[in-house]
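Breakdown of the fold
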Amino acid sequence: MTSRRSGGRGLLAGHVLAWLYALLLLLPLYYLLTTSLKDNLEVFAHPFSLPENWLFGNFARAWDLASLGPALGNSVLITAGAEAITLALAFPAAYGLARSGGRTAAVMEKIFGLGFLIPAFAALVPTVLLAIQLEMFQTQAFLILFLPATALPLSVILLTQFLRTIPAELEESAMMDGAGRWTVLLRIYLPLSAPGVVTVVILNFLGFWNEYLFSLVILGPDPGLRTVQVALPSLISATMVQYGILASACLITLAPVYAVYVALQRRMENALVEGAVKS
């Protein structure tokens, strides 16, 4: 009886903490949403109350002043291109590491892990010099080719762990039936590791979409090339810090992130659960 009571109390405490954590996550979103519909006077006078005058025009002003249409298109192009290249390189590399034994594979995996030790700003100057040398400075193509290099260490290591959970007997059986390496990779390993691939896609999407430093330096402030993260700060000077318009622009740029997460969250949750069960 005592164990049941203690278990019930622990479950209740867990629910309370979970709801408190959810509330902490929702408060910034609520503040951002209400701020986007106010003017500066109301933002400072009643920061957490609902708007008295719902200024939906803030979204249209933010869209026009920051040229968010072209910026969103550029971000989608760069993010999608970088995602495709990252998966095309990381998945075969992870397959090779997962199915290779010996010291060489262990050393290669550690080399990929060393990528976490290199801070982004340390590679900024060499990256700019490389772009100039290749005559690709201020081009989106260079950024699409460069961003996968920043995501490969994490992508390869995560995918390697997922691929190692797939029984090698499946590969051996398929190859005995005449399947080649690429057939095994695409028709066996890719479907079975879909939760891991989705996890990598979401993590890389967040990194690519929110990338600011290299986008600013490589692409510059040109409205025809810049991404949404570079376009947002332009509202500070354009509107003399109209916080409602700035919050509206932030919500517009967050919309694709939430859409991607909502579309893929089930597979990512399955990946986390499967990993916990296998562990």
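Criteria and thresholds
Residues numbered from 1 in each chain as written. Predicted model: local features only at pLDDT ≥ 70, side-chain atom pairs only at ≥ 80, totals over all residues. Heavy atoms only, no water. Salt bridge = Lys/Arg side-chain N within 4 Å of Asp/Glu carboxyl O. Helix = DSSP H or I, 4+ residues; strand = E, 2+ residues; numbered from the N terminus. Buried < 20%, exposed > 50% of the residue type's maximum accessible area, 1.4 Å probe, protein only. Contact = heavy atoms within 4.5 Å. Axes fitted to C-alpha atoms, helices over the stretch in contact; angles between N-to-C directions. Left-handed = near helix turned anticlockwise from the far one by under 90°. Nonpolar A, V, L, I, M, F, W, Y, C, P; charged D, E, K, R; others polar. Phe/Tyr/Trp six-rings, centres within 6.5 Å; stacked < 30°, edge-to-face > 60°. Core = buried A, V, L, I, M, F, W, Y, C linked by side-chain atoms within 4.5 Å.

Focus: the pattern of salt bridges
Once the charged atoms of two side chains with opposite charge are near each other, the side chains can pair. Tallying each qualifying case throughout the model produces three salt bridges. What emerges from the salt-bridge pattern is a single network uniting R99, E171 and R181.

Digging into the environment of L163
Along the polypeptide, L163 turns up in helix α7 (residues 140-163). Take L163: its relative accessible area is 0%, and that puts it in the buried class. In this structure, L163 is in contact with F91, A94, Y95, A98, R99, Y189 and S193, ignoring residues within four places of it in sequence.

Remarks on the packing of helix α8 (residues 168-176) against helix α9 (residues 181-192)
Running from N to C, α8 and α9 cross one another at 140°; their axes reach a closest spacing of 10 Å. Between α8 and α9 the crossing geometry is right-handed. Residues L170, E171, A174 and M175 of α8 form the contact with α9, whose own contacting residues are R181, V184, I188, Y189 and L192. Across the contact of α8 with α9, the residue classes tally to seven nonpolar, no polar and two charged.

Here's the deal with the packing of aromatic side chains
Describing an aromatic ring pair means giving the distance of the ring centres and the angle of the ring planes. With the rule as written, the count across this model stands at seven aromatic pairs. Pairing Y95 with Y189 gives two aromatic rings, centres 5.1 Å apart and planes at 70°, and the pair type is edge-to-face. Of this pair, Y95 sits in helix α4 (residues 68-99) while Y189 sits in helix α9, and the two are 94 residues apart along the sequence. In this structure Y95 comes out as buried when scored by relative accessible area, which is 10%. With 5.6 Å between their ring centres and 20° between their planes, F205 and W209 make a pair best called stacked. Pair noted here: F205 and W209 are both in helix α10 (residues 194-209), with a separation of four residues, about one helical turn. F205 sits in the buried class, given a relative accessible area of 11%. The exposure class assigned to W209 is buried, which follows from its relative accessible area of 2%.

Description of the nonpolar core
Counting 21 residues, the largest nonpolar core has F91, Y95, L159, L163, V184 and Y189 as its most contacted members. Elements with a contribution of two residues or more to this core: α4, α7, α9 and α10. Membership of the second largest hydrophobic core comes to 16 residues, among which are I78, A82, L143 and F214.

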